[in-house]
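Coordinate inspection notes
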Amino acid sequence: MYSSTAVVTGGAGFLGSHLCDKLLEKNFKVICVDNLSTGNTDNISHLSGNDNFSFIKHDVTNYIFIPGEVDYILHFASPASPIDYLKLPIQTLKVGSLGTHKALGLAKEKKATFLLASTSEVYGDPKIHPQSEDYWGNVNPIGPRGVYDEAKRFAEALTMAYHRYHGIDTRIVRIFNTYGPRMRPDDGRALPTFIGQALKGEDITVFGDGSQTRSFCYVSDLIDGIYKLLMSKETDPVNIGNPDEITVKEFADEVIQVTGSKSKIVFEQLPIDDPKVRQPSIEKARKILGWEPIVDRKKGLEKTIKYFVGLSKS
Ligand code: NAD
């Protein structure tokens, strides 16, 4: 018997599909709504035949019709990797604005709790380090990445407006770089790209001199944090990520070592507005949610590499 009903927009994507798994494990009935623009039904095929799971192919920038009661709406629909949102700039702005509006409208209609998947990109190329939730960010609105960063900033503003004006129960999670099985090997982010190149023995392409930093969170840790936030009463944004920071060059070396590859590192031009540093402050999540990541990067990398090796064989 299920306990509550949750709608997950973007549920056929990398994070959304893991979230569907988690909610089903917690005895939720889950309705996944996705237009499959960057997601794939392969990510949810293991759930077909599960009576508590259903999939609706729908673009959430249009009115979302869901019959019956809904208790939670988790809005994850959005292109998320630079390759995707640079290819789909207007769709990215639309799903962050119109899509968030439609998802909040559904929350209002159903009197449901709404959770927005926001991003560390709201901090832009940050002037304070590590980034804590009270930092307002340094985003270039008219640069190529602005389509994603500003869509998410607008989505946060709209979520807070629905919370304050309509009294909707809302949550905002600011997700930092996350990795794990079901990432697309060709999504252009450093981690899957490096793994793919290492496995094929190709040159590993590091942007700039590789001194920029990133902090990678394993997907199971992120999903645990998001579930704890959903169950909390916190309506202000909360960072969820792993503060274990590494330079991109060091990370490329680590991938070579873990895969046992003979690949060499080559350096390419840094993309416009690429953040120089990225590390979450997770003090708030520790204090309010009693959450912190537990999977170390080497372990997480091994699991992800195993998934990528499996993909290349299938
Ligand atoms: P993803 O591309 O794998 O998943 C996004 C899903 O949204 C896809 O299945 C796609 O088909 C769907 N989608 C896009 N536009 C849609 C629309 N108009 N209507 C319905 N469905 C639509 O990306 P992901 O990495 O799983 O990211 C999920 C969410 O988490 C995104 O909102 C992203 O901004 C956020 N996020 C992810 C990360 C990360 O490290 N992966 C970091 C910060 C924030």
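Remember, it's a predicted structure, so these values are computed and weren't measured experimentally.

Each value, and the rule that gives it
- Residues numbered from 1 in each chain as written.
- Predicted model: local features only at pLDDT ≥ 70, side-chain atom pairs only at ≥ 80, totals over all residues.
- Heavy atoms only, no water.
- Pairing = 2+ DSSP bridges.
- Helix = DSSP H or I, 4+ residues; strand = E, 2+ residues; numbered from the N terminus.
- Axes fitted to C-alpha atoms, helices over the stretch in contact; angles between N-to-C directions.
- Expected span 1.5 Å × (residues − 1).
- Buried < 20%, exposed > 50% of the residue type's maximum accessible area, 1.4 Å probe, protein only.
- Contact = heavy atoms within 4.5 Å.
- Disulfide = S-S within 2.5 Å.
- Salt bridge = Lys/Arg side-chain N within 4 Å of Asp/Glu carboxyl O.
- Right-handed = clockwise from strand over helix to strand, strands pointing away.
- Domains from an automatic or database assignment.
- Buried area = accessible area lost by both parts, 1.4 Å probe.

Read across the open sheet, the 7 strands follow the order β3-β2-β1-β4-β5-β6-β11; overall the sheet is parallel. If you trace the sheet from one side to the other, it starts and ends with β3 (53-57) and β11 (238-240), each paired once. Across the sheet, the axes of successive neighbouring strands diverge by a mean angle of 20°, strand direction being ignored. Bridge count for strand β2 (residues 29-34) against β3 is 5 bridges, and the pairing is parallel. Its bridge partner being in β3, D34 is matched across the sheet by K57.

Now for helix α7 (residues 248-259). Compared with the 16 Å implied by 1.5 Å per residue over 12 residues, the 16 Å span of α7 between its first and last C-alpha is a close match. Among all positions in α7, only V248, F251, A252, E254, V255 and I256 are buried. Turning to α7, the residues buried within the fold contact α5 (190-200), β8 (204-207), β9 (213-215), β12 (245-247), β13 (265-268) and α9 (297-313). Backbone geometry just downstream of α7 places G260 in the positive-phi region, at approximately 70°.

Bringing the side chain of S118 into the picture now. Along the chain, S118 turns up in strand β5 (residues 113-119). A relative accessible area of 3% places S118 in the buried class. Filtering out sequence-adjacent residues up to four positions away, S118 remains in contact with K152, E156, I172, V173, R174 and I175.

Glycine aside, the phi torsion of most residues is negative, and most peptide linkages are trans. H129 connects to P130 through a cis peptide bond whose omega is -10°. Locating P130 in the fold gives a position in the loop between β5 and α4 (146-166). Non-glycine residue L36 carries a positive phi angle of around 60°. With respect to the element layout, L36 can be found in the loop between β2 and β3. A relative accessible area of 26% places L36 in the partly exposed class. The phi dihedral of D273 falls on the positive side, at around 60°, and the residue is not glycine.

Scanning the model with the defined rule gives 0 disulfides in all. Residue C20 stays outside any disulfide, its sulfur separated by 4.7 Å from that of C32, the closest cysteine. With a relative accessible area of 0%, C20 lands in the buried category. In this structure C32 comes out as buried when scored by relative accessible area, which is 0%.

For the rest of this paragraph, the subject is the pattern of salt bridges. Taken as a whole and judged by the stated rule, the model has 20 salt bridges. One salt bridge in this structure joins D224 and K22, with 2.6 Å as the shortest N-O distance. Of this pair, D224 sits in helix α6 (residues 219-231) while K22 sits in helix α1 (residues 14-25), and the two are 202 residues apart along the sequence. Taking relative accessible area as the criterion, D224 reaches 28% and is therefore assigned partly exposed.

It is worth spelling out the pairing of strand β1 (residues 5-9) at this point. Counting buried positions over the 5 residues of β1 gives 5, a clear majority of the element. The side-chain alternation of β1 yields two buried faces, one formed by T5, V7 and T9 and the other by A6 and V8. Remark: the β1/α1/β2 crossover connection has right-handed handedness. In the sheet, β1 pairs with strand β4 (residues 72-75) via 4 bridges, with the strands oriented parallel. By the bridge assignment for β4, V7 is matched with I73.

A separate point is the domain arrangement of the protein chain. In many analyses, interface size is given as the accessible surface area lost on bringing the parts together. Domain assignment breaks the protein chain into domain 1 (4-179 + 217-243 + 280-294) and domain 2 (190-212 + 245-278 + 299-308). For domain 1 and domain 2, the distance between their C-alpha centres works out to 26 Å. Listed as interface residues are 17 residues of domain 1 and, on the opposing side, 13 residues of domain 2. Between domain 1 and domain 2, a total of about 1300 Å² is buried, with carbon and sulfur atoms accounting for 52% of that surface. Among the residues of domain 1 in contact with domain 2, D125, R145 and Y179 are the three that bury the most area, contributing 39% of the side total. At the boundary of domain 1 and domain 2, one finds 3 salt bridges.

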